[in-house]
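Survey of secondary and tertiary structure
One-letter residues, chain by chain:
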Amino acid sequence: MEEDTKRARGRPKAWDDKGQQNTIKSLDRALEVLVELGNMGGGTLSEIAGTLDQSPATVYRVLTTFQGRGFADFDEQSQVWNIGAAAFLTGSQFLRRTSLVERARPIMRELMEATGETANLGIERDGKVLFLGQVETHATIRAFFPPGTASAMHASGIGKALLSRMDDARQRQVLAASKLEQFTPHTLTDPEAMIADLHATKARGYAIDGEERNLGMRCIAAPVYNVFGEAVAGISVSGPTSRITEDRIAELAEPVMAAAARLTTAIGGNNRPAG
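Residues numbered from 1 in each chain as written. Predicted model: local features only at pLDDT ≥ 70, side-chain atom pairs only at ≥ 80, totals over all residues. Heavy atoms only, no water.

1. Focus on the pairing of strand 2 (residues 80-83)
Cut-off, in case you're wondering: Pairing between strands is defined by DSSP: at least two bridges between them are needed. Where helices and strands are cited, they refer to DSSP runs of H or I of at least four residues and of E of at least two residues respectively, numbered from the N terminus.
Pairing analysis gives four bridges linking strand 1 (residues 72-75) to strand 2, with the strands arranged antiparallel. Counterpart to D75 in the pairing with strand 2 is V80. Connecting strand 1 to the antiparallel partner strand 2 that follows it, the hairpin turn spans four residues, and Q79 within it adopts a positive phi of roughly 60 degrees.

2. A closer look at a nonpolar patch on the surface
What counts here: Patch members must show over 30% relative accessible area and no salt bridge, and they are joined within 9 Å when carrying like charges or within 5 Å when they are nonpolar side chains of Val, Leu, Ile, Met, Phe, Trp or Tyr. Here, Shrake-Rupley sampling with a 1.4 Å probe gives the accessible areas, and only protein chains in the shown set may cover a residue. A pairing counts as a salt bridge when a side-chain nitrogen of Lys or Arg comes within 4 Å of a carboxyl oxygen of Asp or Glu. Note on exposure labels: buried denotes an accessible area under 20% of the residue type's maximum, exposed denotes more than 50%, and partly exposed covers the range between, all computed with a 1.4 Å probe on protein chains only.
Side chains of I24, L27 and L31 sit close together on the surface and give an oily, nonpolar patch of about 280 Å² of accessible area. Tracing the backbone shows L27 in helix 2 (residues 25-40). On the basis of relative accessibility, which here comes to 44%, the residue L27 falls in the partly exposed class.

3. Looking at the side chain of T184
Inspection of the secondary structure puts T184 in the loop between helix 8 (168-178) and helix 9 (191-204). Classification of T184 by relative accessible area gives buried; the value is 5%.

4. Details of the packing of aromatic side chains
This is how the line gets drawn: Here the aromatic set is Phe, Tyr and Trp, taking the six-membered ring for Trp, and pairing holds for ring centres within 6.5 Å; pairs whose planes are under 30 degrees apart are stacked, those over 60 apart are edge-to-face, and all others are tilted. The criterion for a charge sitting over a ring is simple: Lys NZ or Arg CZ within 6 Å of the ring centre, and within 35 degrees of the ring normal.
Evaluation of the coordinates by the stated rule reveals three aromatic pairs. Ring centres 6.5 Å apart and planes at 80 degrees place the aromatic pair Y60 and W81 in the edge-to-face group. In this pair, Y60 sits in helix 4 (residues 56-68) while W81 sits in strand 2, placing the two residues 21 residues apart along the sequence. Seen in terms of ring centroids, F66 and F71 are 6.2 Å apart; in terms of plane orientation they differ by 45 degrees. Their pairing is tilted. Three or more aromatic residues link up through ring pairs in this structure, and these residues are Y60, F74 and W81. Cation over ring: R204 sits above Y206, and NZ or CZ is 5.1 Å from the ring centre.

5. Thoughts on the environment of R165
Structurally, the position occupied by R165 is in the loop between helix 7 (157-163) and helix 8. Residues R165 and P273 lie 108 residues apart in sequence; the distance between their C-alpha atoms is 8.2 Å.

6. Notes on the pattern of salt bridges
Evaluation of the coordinates by the stated rule reveals eight salt bridges. With a shortest N-O distance of 3.6 Å, R172 and E192 are connected by a salt bridge. Here R172 is found in helix 8, whereas its partner E192 is found in helix 9, with 20 residues between them in sequence. According to the relative accessible area criterion, E192 is partly exposed, its value standing at 47%. Ionic pairing is found between R248 and E251, a salt bridge with its closest N-O pair at 3.4 Å.

7. Some details on the packing of helix 6 (residues 100-115) against helix 10 (residues 249-266)
Relative placement of two packed helices is described by the angle separating their axes and the distance separating the axes. Here is the rule we go by: Only the contacting stretch of a helix is used when fitting its axis, a line to C-alpha atoms as for every element, and angles between N-to-C directions run 0 to 180 degrees. Oblique is the label for any angle not covered by the other classes, which are roughly parallel (under 35 degrees), roughly antiparallel (over 145) and roughly perpendicular (65 to 115). Less than a right angle of anticlockwise turn of the near helix away from the far helix marks a crossing as left-handed, whereas a clockwise turn marks it as right-handed. Every residue pair with non-hydrogen atoms within 4.5 Å of one another is taken to be in contact. Classes in brief: Ala, Val, Leu, Ile, Met, Phe, Trp, Tyr, Cys and Pro nonpolar; Asp, Glu, Lys and Arg charged; the others, Gly included, polar.
Two numbers describe how helix 6 lies on helix 10: the axes approach to 10 Å, and their chain directions differ by 160 degrees. Regarding the angle of helix 6 to helix 10, the classification is roughly antiparallel. Two packed elements cross with a definite hand, and for helix 6 against helix 10 that hand is right-handed. Of the residues in helix 10, those in contact with L100, R103, A104, I107, E110, L111 and T115 of helix 6 are L252, P255, V256, A259, R262, L263 and A266. Its residues assigned to classes, the contact of helix 6 with helix 10 shows 10 nonpolar, one polar and three charged.

8. So, helix 2
Since there are 3.6 residues in each turn of an α-helix, residues three or four apart along the chain are aligned in direction. Condition: Multiply 1.5 Å by the residue count of a helix minus one, and that product is the helix's expected span.
Here helix 2 contains 16 residues, and its C-alpha end-to-end distance of 22 Å stays within 8% of the 22 Å for a straight helix at 1.5 Å per residue. Here the buried face of helix 2 lies against helix 3 (45-52), helix 4, strand 1 and strand 2.

9. With respect to the environment of M194
Checked against the element boundaries, M194 lands in helix 9. Sequence-wise, M194 and L175 are 19 residues apart; in three dimensions their C-alpha atoms are separated by 8.7 Å. Residue contacts for M194: discarding those within four places in its chain leaves H154, K160, L175, L180 and L188.

10. Details of the nonpolar core
Definition in use: Residues belong to one nonpolar core when they are buried, are Ala, Val, Leu, Ile, Met, Phe, Trp, Tyr or Cys, and are joined through side-chain atoms within 4.5 Å.
L121 and I220 are the most contacted members of the largest nonpolar core, which has 29 residues in total. Mapped onto this core, the elements with two or more residues apiece are helix 6, strand 3 (118-125), strand 4 (128-135), strand 7 (217-225), strand 8 (231-240) and helix 10. Non-local contacts of L121, meaning those with residues more than four positions away in its chain, are made with L100, V101, A104, M108, L130, F131, L132, G133, I158, A233, G234 and L263. Counting 16 residues, the second largest nonpolar core, distinct from the first, contains V129, F131, M194 and A207.

11. Things to note about helix 8
Defined as follows: Directions pointing from the helix axis toward each C-beta atom define the arc. For this analysis, a polar contact is any N or O atom pair within 3.5 Å, provided that within protein one partner can donate a hydrogen and the other can accept it, and provided that sequence-adjacent residues contribute only side-chain to side-chain pairs.
Where helix 8 is concerned, the buried positions are Q171, V174 and L175. End-on view of helix 8: buried residues confined to an arc of 95 degrees, all on one side of the axis. Those residues of helix 8 that are exposed and aimed more than 90 degrees away from the buried face are A169, A176 and A177. On its buried face, helix 8 sits against helix 7 and helix 9. Of the residues flanking the start of helix 8, the one acting as N-cap is D167, its side-chain oxygen 3.2 Å from the backbone nitrogen of A169. Two residues or fewer after helix 8 comes K179, characterised by a positive phi angle close to 60 degrees.

The values are spatial; any link to function lies outside them.
Below is the structure:
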């Protein structure tokens, strides 16, 4: 009786058992369809089934089930399936779990006004940068990373800012998983060159994405720390190389680092990083 009382509510006896007997295979396959539909940005039944190597009949049943709940939409004219509004509404609840986004918004707006460039907020999720928020510049040419966008860490300012604060083992694990995919001629694809860049990033306190993800775009980012001094997020400015020139990097890095420090304080973090 005492053991049952101490067990956290909502956790069954087999809580610590993550084996296959405690997963629902059909649900797992259905969620795989939903995730791939989001990654594809929409597709026909045959395209989705082909990408997942599943039968069209199975995928169709999954999609129509999601459609009934508003998680998927179907365009009769184009015969294309897309993510539905319910998926967005459910996913947006993630942003409400923490005060990070709420606290970051006014700081990002001030950063955008101070630099004239788009300000971004991101965290690491599953070895990638997940963008949580953005305040766009008033300039006509701008970077665009809508909330929910995921990007490779090794070719991202925020990604490299977070990587620079990881221990060596975690760094190499994340970089190995990314396979250092090349996006532009400027992307760092050599592991040792990447590690050297991260060491330099850690030493100066900010990261630089110099056209490593998109040609003609540059990004400057700094890490945000939690109460333990661990890097849990990154804040950045991004814009065209015609405005963020190489001789302006140090100038723009100052307000970026100041914004990251303010956000760290705002969430109760420790501006003395661990390690």
